Every structure is written in C-alpha cells, then in structure tokens.
Amino acid sequence: MLKKCPGKHPFLQFILAAVFLVSILLSAPAHAAIKTYKKNSNSVTFTLDKGLMKIIVCKDDIIEVKYTIFNAFQTKPSLVVNNNWLQHPSFTVSTQNGDVVITTKKLTIRINKATNAITYTDLHGKIITAEDQQNKTMSPATIAGISTYKVSTQFRSPANEALYGLGCHPLDSLSINYKGRDQDLAIRYMTGAIPVLLSTKGYGLLWDNYSASNFYGSVDDNTKFKYVSESGKQVDYYFFYGPDFDQIINLYRIATGKAPMYAKWAFGLFQSQDRYMSEAEVLSVKDNYRNNHIPVDVIVQDWYYWDPLPIGSHVMKPERYPHPKQMLDELHKANIHGMISIWPVFGKGTPNYDALQKMGGLTDITWDNVVTHTFDTYYDAHYPKARDLYWQQARDSLVKRYGWDAWWIDQCEPDNGSLLDARKQSNFWIGKGIDYFNTYSLEHTKGIYKGWRKDIPGKRAFFLARQSFAGAQRNAATLWSSDIFCGFDAFKNQVPQGINACASGIPYWTSDIGGYQYHWRAPDWSKPEFRELFTRWFQFGTFCPIFRIHGKGERALFSKNWDAATKATLLKFDKLRYRLMPYIYSLAGRVTTENYTIMRALTFDFRDDPKVYSIPDQYMFGPAFLVNPVTEQLYTAKNAAPGEKTRKVYLPAATKWYNFWTGEQSNGGQTLDASAPMDILPLYVKAGSIIPMGPDMEYATEKRADNIELRIYPGANGSFKFYEDENDNYNYEKGRYATFTLTWNDKKHTLLVSDTKGNFPGMLKNRTFDVVLVNGKHGSNTGVTVKADKIVRYTGKALQVAL
C-alpha cells in the first residue's frame, strides 16, 4: 500500500507512485497471448502478441516446443538432437473452449490462447503434465559482462509426483528424487549436467539449451518446478510420453542417438591406479593377475606418461616406457586390453600445440596445471577442423604407434577452476562460451568417435569421459563420477548419482571403486576401515554397468594390502561378474537394439509403488537383480557393536523376491533387515526372472557360451532375450547378431526357448542348457549348481521344457 511521503512535493509523490507501479508491472511475468496460428506439415506456428511459439510434432509421442520474444527462431542445428524427423506423423488442430487443441495418435496438446500455457493429456483427457500459467519466459540479463537473455520454463507438479535424472553430481548428499529440491546444472569439476528429467506421471523432458542452468524443484511449496538457463535466444524443450520409463528413454534416444555396442571385454574388470609409472610396472600388474588366475580384462595407464614433455604430446617417454608397442602386444597376448588417459589440454612448445594454434583451433581457456604449474590451453572442441586435427594427432601416436584399445578422456569440462566467467567470455568457433558452457565434452567425444569409426573400422570404440551431456551416449562415452573421496560418505553419494545418470538416458556409468583420493594422497589400504570401504565399493561395482578400480594407492586384487578374508570376498564378486557375462552382455545388446537401461531406478519397474520413489540406495540391475549396496561402515567404525550386521531393504510390491545367496522367498511390499556380513551384498532376485550364467572365466571371451546354467526363479511368468555377436566389431550394425527368447510359464511350469533369430560368422550351432529351478539352497549363491533339474540340448530350433 502506498503511503504519503511527508514533506515531499505532490508532483514528486505522483512520480514515485508511478515508478512503483511500473516496477510492479515490469516484474510481473507477462502472458504472451495467441493472436493467430498456422498448421504446417509437422508443426503449428503461433503468432503471439509478443513473439512466436512453435509446437513441432516429431512423433506421436515426441513434441518439441519453441518460444521466443523475437520475430524469428534460431536456425542453428541442435547439438543434442540429431534426428531430422523426416517422417511427419498425422495430427489434427482444432479450437475448443478457448484452447487450441493438437491431437496425435497418442497425445492431446491443449494450448491456452490467453497465456500460451500447454497442457499435455492422454487421449482420454487425463492430464500428464501442464505448464504453469507463468510458463515460458525470456528476460534481459547481463552475465559475466555479456548482454543476453535468461530463458525459463515452469511446470505444475502434483504432490504425488517424483522426478529423476539431471545427470551425475558426485558431491551431492544422499538423495535421488528431485521433487522439492534444486540442482545446479553448470558443468565444471566435480559436478555435471544432463538436462533430462523423468516423471512418475509418465513423461520426460529434455531442455535443448547449453548454457549454465538451474533446476528448481521447490517452487511455490513444491507445487511447481522450473528450469532456468542463463543465456538463450529462445525456449526450446522436448516432451516425451512413455508412460513407462523404458519407453521415455527409448524416445529420448530416438531423438538424440543410440548407444553403440561395446566390445565384450568392456564388461569385465578394469584395473587402474593413479598411476603406473613405467612399462615394467604395467607388465607386473598383468603378470600378477594372470599368474594368480584373477579375472581381469583391462589395464589402464593414467596420466603423465608423457613427462617431462608438455601435456598434449601424446608420447610415452622411452626412459620409462622403452617398448610401448611391445608392452601392448604383451597385454594382448595375455588377453588383456589397454586403456590410456588422454586430455584436451596442450602445453606450449609441442608440434601438436603449434599445429592447433596455426589453424585457429585453440581456445583462450586455460588449466592451471597442478604438476608443472604452467597454464595450459584447451583446444576448441566446437570447431570441426580442430576436432579432426586433435583426432589425427592422438590417433597417430596412441593407436597407430602403440596400439591402445580404449581412451580415458579426462578433464573435459573444460576445467579452469573457479574462473567460470572466463569460460563464459571465451570464444568458440561456434559461438560465445556462455551459450555453449555445457557442451564441450559432447563435442569432444563426437570428434573422437567420428575419427575412430572412420580410421579403426574393425574395433569397437570405448571412451571413459569425466563429463557427459545429453546425446553423449551416441559417442560411445561412458560417464564416470570424477575424483571422489575415499570415504563412506562419498561412496554413499555415488549410488543415487549412478542411478540418476542412467535415468538421464546415459546407459553406461562407473565410479572409482574405493574412491580416488584421501585428502589428495593414498589411504593406507591395509587398515581395516579402508579394507571394508573397498570391499563394499567393489561389491557395488560388480553391479554397475562398467566395473572399474581406480585411485591413489595399490588396490589391485592381488595387493598385499588385503588380508586373506578380503581377498576371498573380492575374488568371489569378481568371479560372479564373469559368471554373469551372458546376462550382462545380453542386456548390453538390448541397450543398443532396444534403447534399454541396465542400471535402473526402481521407478523403471515399480512406478506404481510410491514407496520406492525416494529410496536412494537400491536399484535394479537389469530385469532380475535388486541391488542394495552396503554404504555404512558397519564393522570397523569406532562405535561398531560386535556381531553380524544388517541393512534395511525394501522389497517392491506386487511380486515375490528370492534372496540370491540363500534362495529364501519373501513377499514384496515389506522392509527387511537384510543380513550384511562383510562377504555379502544384500541381493534379491524378482520372481519370474531367468538368469543365464556362464562358467568361471579369467577374461570375458575366454570360453564360449556353449554350456549355460539357466536359473529360473518361479512365482511369476517371465522372459529373457539372449544376445550374441562377434564381440568386437561393428558387423552387428549390418544385422550380424543372434537372439533367442527364453519364456517361463509359471502356471504350467514350462520353459519355452524360441527359434534363434539372426546369425553371424562363428555362431554357435549347438549349446547345452543346465536348467535350474531355484528352490532354497538349490540354485542359490555364486557357484555352479551341482545337479540341474533338466539338461537340454539346443540347436537353434524352438523347444519346450517341462519342469
């Protein structure tokens, strides 16, 4: 309420009152009303009283929304969405009760003429989600000295909605549901951003903006959420209708690209350390694994193998690595693959730096090198010619000269410490840094994958990247959660971060098993508390998409830091990972052919059970396993009581569950105190599951899957699709792979094995199934079941097995 200002001139009072009222009007969000609209072949364009809006029907269940206050939309192609939508689905447009209504075969989109707010419903009129009346906005802003526009969208959010995704944020506390909480989405060291959100209401959203952004999940007492990007010329987002999470992720990858298949060795154990200092040390790791018959598939060479040359040299110094090509040959003879660290940073005084500088391929973003204390320069990953040159330089050294099999793509934020304004002010080939703040890693992996596919056609690409953005899955990039602390709190945080990263559409995620650093040095791994930490993290890693040890200090499975009990537990889980290779590789086949998700938030499979919505430390690993990592220090804490320990496990409703270790059955919908001795990860299997298990192996392709133990967990119907191919080339893209489906009929107690579909050179023509109907101890635990319930010979023709 305005009050008189005593002693002031009446005219001045009038001016002050006018200014106050104008400020109120300016601060209030303006609704851009619809004046006219026009239907096009795949879209509807709306002329607003200020600006434009366009709704594009990409598919019956994928809608793109654009809004701008300007007279035209941006014409630059998306860096994220690579689908050109050449097929235009049919749809109708009508006017009903003051709304413009667009109807597809799966959706109704209602646009309020007065506010342009969009409501999405199914064909029965049930609301899926709705923009708020204060919906799409653009407002002038000055950020890092740059004049730009902040852009935002705001949606209504009912009380019983749960929200997932938004990428990996390694330092976040234990949380998984974004309902009611906020998230910074600016990629930098130790935090990421993937602008993908999944809702239990059956929809997903993808914001196609690359500037630093924020998600606000607690607007108006948690009744709304808002996505705000600090720079843009338009609002641009995609709506996906599932309603199942698997279908939402399928639609996201239809829009942004499929994840290519990894070689089978990539699903075995990666052994890494910061850092192996010589060729002799790398070969000793190989010998210790193979001589002790410990399963492993990859040994990793971390950074500064180029020392004392500047970073970006891509050269292994002969003083420490006298025969790098022979070293790789020795790894390959032992059926071990090699992965090497490579950075997008260049020190001065190298031919690589000079060549990039000459063609304008360097940025003005620098990294304060913690080793040499020099300021080294990032190349411009947004410049196609610079990407090509970067690939050629690294290819000629690391692949052609030495023969490395995979690349560890470090430092790809790009990380320039706290100088975030400098990143925003930088000039990329494509545009200002503020508008491409989050896409460096996406473009970096794009160039490397493109080069790999062109120049190394017979070997599948595998890249481990410290950052990811929407669309990165198409670049063969696995996301890892960066340089995390060696401690239980940090470990606890990794579980929901892995779950949410995969819920963001990125199928392959990993963490440094044990953590990377303990106050920036190696912990004493021989101490009981660190043995417990590593054991629990290793158990979790066994059930992550990628299984990888890394960090400071010796922690290989043969290490003298482990006592006999620790070694036995680690070996048990390592062997279990390899016994599950037929299951895991089949799931990987589904990732590529069906856009599947292996590491699954519980809402993928139990969206109708609200009790799972906010559980941060349980997830499904494929369709069968409920994984429950032990993230508390139960045995070596100072106040630990004697005796066996437990952890709480909620068993989702509407199904029965089996304890993997004992075969004991439990009903869903209850919380158990699950036994958690040091050698046990509480692990449950859903009734109706079929799990193919192979023999003990020391590397992923050591033995062919000609003898499979098929474990069936009765109590519900179920099925499993078995996938095989040539393990390490791209012939599967030409249809050279094979599948067959195993179907369990619980009422009839019969197993149906379908005909094999497809073929490839060297495909098995005959195999044996040892069919095991799990019942208590029979068929439980990790070992081979001594006596199968039925032994079946399979020749690729359909058959039925009665049990």
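Residues numbered from 1 in each chain as written. Predicted model: local features only at pLDDT ≥ 70, side-chain atom pairs only at ≥ 80, totals over all residues. Heavy atoms only, no water.

### Some words on helix α9 (residues 488–503)
Then, in step 1: If you check α9, its first and last C-alpha atoms are 24 Å apart, about what 16 residues at 1.5 Å a residue would give, namely 22 Å.
Then, in step 2: Of all 16 residues in α9, 15 are buried, a share of seventy percent or more.
Then, in step 3: In the stretch just after α9, Gly 505 is the one whose phi turns positive, near 95 degrees. (Helix = DSSP H or I, 4+ residues; strand = E, 2+ residues; numbered from the N terminus. Expected span 1.5 Å × (residues − 1). Buried < 20%, exposed > 50% of the residue type's maximum accessible area, 1.4 Å probe, protein only.)

### With respect to helix α5 (residues 351–358)
Then, in step 1: Of all the positions in α5, only Asn 352, Tyr 353 and Leu 356 are classed as buried. Along the axis of α5, the buried residues cluster in a sector spanning 100 degrees; they form a single face. Away from its buried face by more than 90 degrees, α5 exposes Pro 351 and Lys 358.
Then, in step 2: On its buried side, α5 packs onto β22 (345–346), β23 (362–368), β24 (375–379) and α6 (384–402).
Then, in step 3: Following α5 by one or two positions, Gly 360 has its phi on the positive side, about 75 degrees. (Arc of directions from axis to C-beta. Contact = heavy atoms within 4.5 Å.)

### Observations regarding the pairing of strand β5 (residues 92–96)
Then, in step 1: As paired strands, β5 and strand β6 (residues 99–103) are joined by five bridges and run antiparallel to one another. What sits directly across from Val 93, in β6, is Ile 102.
Then, in step 2: Hairpin geometry of β5 and β6 is characterised by an intervening segment of two residues between the two adjacent antiparallel strands and by a positive phi of about 50 degrees at Asn 97. (Pairing = 2+ DSSP bridges.)

### A word on the packing of helix α10 (residues 528–542) against helix α11 (residues 564–579)
Then, in step 1: At a minimum axis distance of 9 Å, the contact between α10 and α11 shows a crossing angle of 10 degrees. If you check the angle between α10 and α11, you find them roughly parallel. Contact residues: Arg 531, Phe 534, Thr 535, Phe 538, Gln 539, Gly 541 and Thr 542 in α10; Thr 566, Thr 569, Leu 570, Phe 573, Asp 574 and Arg 577 in α11. (Axes fitted to C-alpha atoms, helices over the stretch in contact; angles between N-to-C directions. Parallel < 35°, antiparallel > 145°, perpendicular 65-115°, else oblique.)

### Concerning the side chain of Asn 438
Then, in step 1: Here Asn 438 lies in the loop between α7 (420–425) and α8 (440–455).
Then, in step 2: In this structure the side chain of Asn 438 is engaged in a polar contact, spanning 3.1 Å, whose partner is the backbone oxygen of Leu 185.
Then, in step 3: Beyond its immediate chain neighbours, meaning those up to four positions away, Asn 438 contacts Leu 185, Ala 186, Ile 187, Ala 193, Tyr 210, Ser 211, Ala 212 and Phe 469. (Polar contact = N/O pair within 3.5 Å; in protein donor to acceptor, adjacent residues only side chain to side chain.)

### So, the packing of aromatic side chains
Then, in step 1: The final tally for this structure, using the stated rule, is 68 aromatic pairs.
Then, in step 2: Ring centres 5.2 Å apart and planes at 90 degrees place the aromatic pair Phe 70 and Tyr 149 in the edge-to-face group. Of this pair, Phe 70 sits in the loop between β4 (62–68) and β5 while Tyr 149 is found in strand β11 (residues 146–156), placing the two residues 79 residues apart along the sequence.
Then, in step 3: Overall, the relative accessible area of 29% leaves Phe 70 in the partly exposed class.
Then, in step 4: For Tyr 149, a relative accessible area of 24% corresponds to the partly exposed category.
Then, in step 5: Their ring planes at 10 degrees and their centres at 4.8 Å tell us that Phe 722 and Phe 740 sit as a pair that is stacked. Linking Phe 722 in strand β40 (residues 718–724) with Phe 740 in strand β41 (residues 738–745), this pair joins segments that are 18 residues apart in sequence.
Then, in step 6: Looking at Phe 722, the relative accessible area reads 3%, which means it is buried.
Then, in step 7: In textbook terms, an aromatic cluster arises when at least three aromatic residues are bridged by ring pairs, as seen for Tyr 262, Trp 265, Phe 267, Phe 270, Phe 462, Tyr 508, Tyr 585, Tyr 723 and Tyr 737.
Then, in step 8: Directly above the aromatic system of Tyr 730 lies the positively charged group of Arg 453, at a separation of 3.4 Å from the ring centroid. (Phe/Tyr/Trp six-rings, centres within 6.5 Å; stacked < 30°, edge-to-face > 60°. Lys NZ or Arg CZ within 6 Å of the ring centre and 35° of its normal.)

### Thoughts on the confidence of the model for the protein
Then, in step 1: Mean pLDDT for the protein: 94, with 96% of residues reaching 70 or above.
Then, in step 2: The secondary structure element of the protein with the lowest average pLDDT is helix α1 (residues 10–27), at 39, and the one with the highest is strand β32 (residues 625–627), at 99.
Then, in step 3: For residues 1–29, every residue scores under 50 in pLDDT, and the model assigns this stretch seven contacts once sequence neighbours within four places are set aside. (pLDDT = per-residue confidence, 0-100.)

### Focus: the sheet that holds strand β21 (residues 337–342)
Strand pairing in a sheet relies on backbone hydrogen bonds. The paired strands run either parallel or antiparallel.
Then, in step 1: The parallel open sheet is built from eight strands, whose spatial order is β28-β27-β26-β25-β21-β20-β19-β29. The strands lining the two open edges of the sheet, one partner per strand, are β28 (509–510) and β29 (547–549).
Then, in step 2: In terms of strand pairing, strand β27 (residues 477–480) meets β28 through two bridges, oriented parallel. The residue of β28 that forms the bridge with Trp 480 is Thr 510.
Then, in step 3: α8 rests against β25 (406–409), β26 (463–465) and β27 of the sheet, and its axis sits at about 170 degrees to β25.

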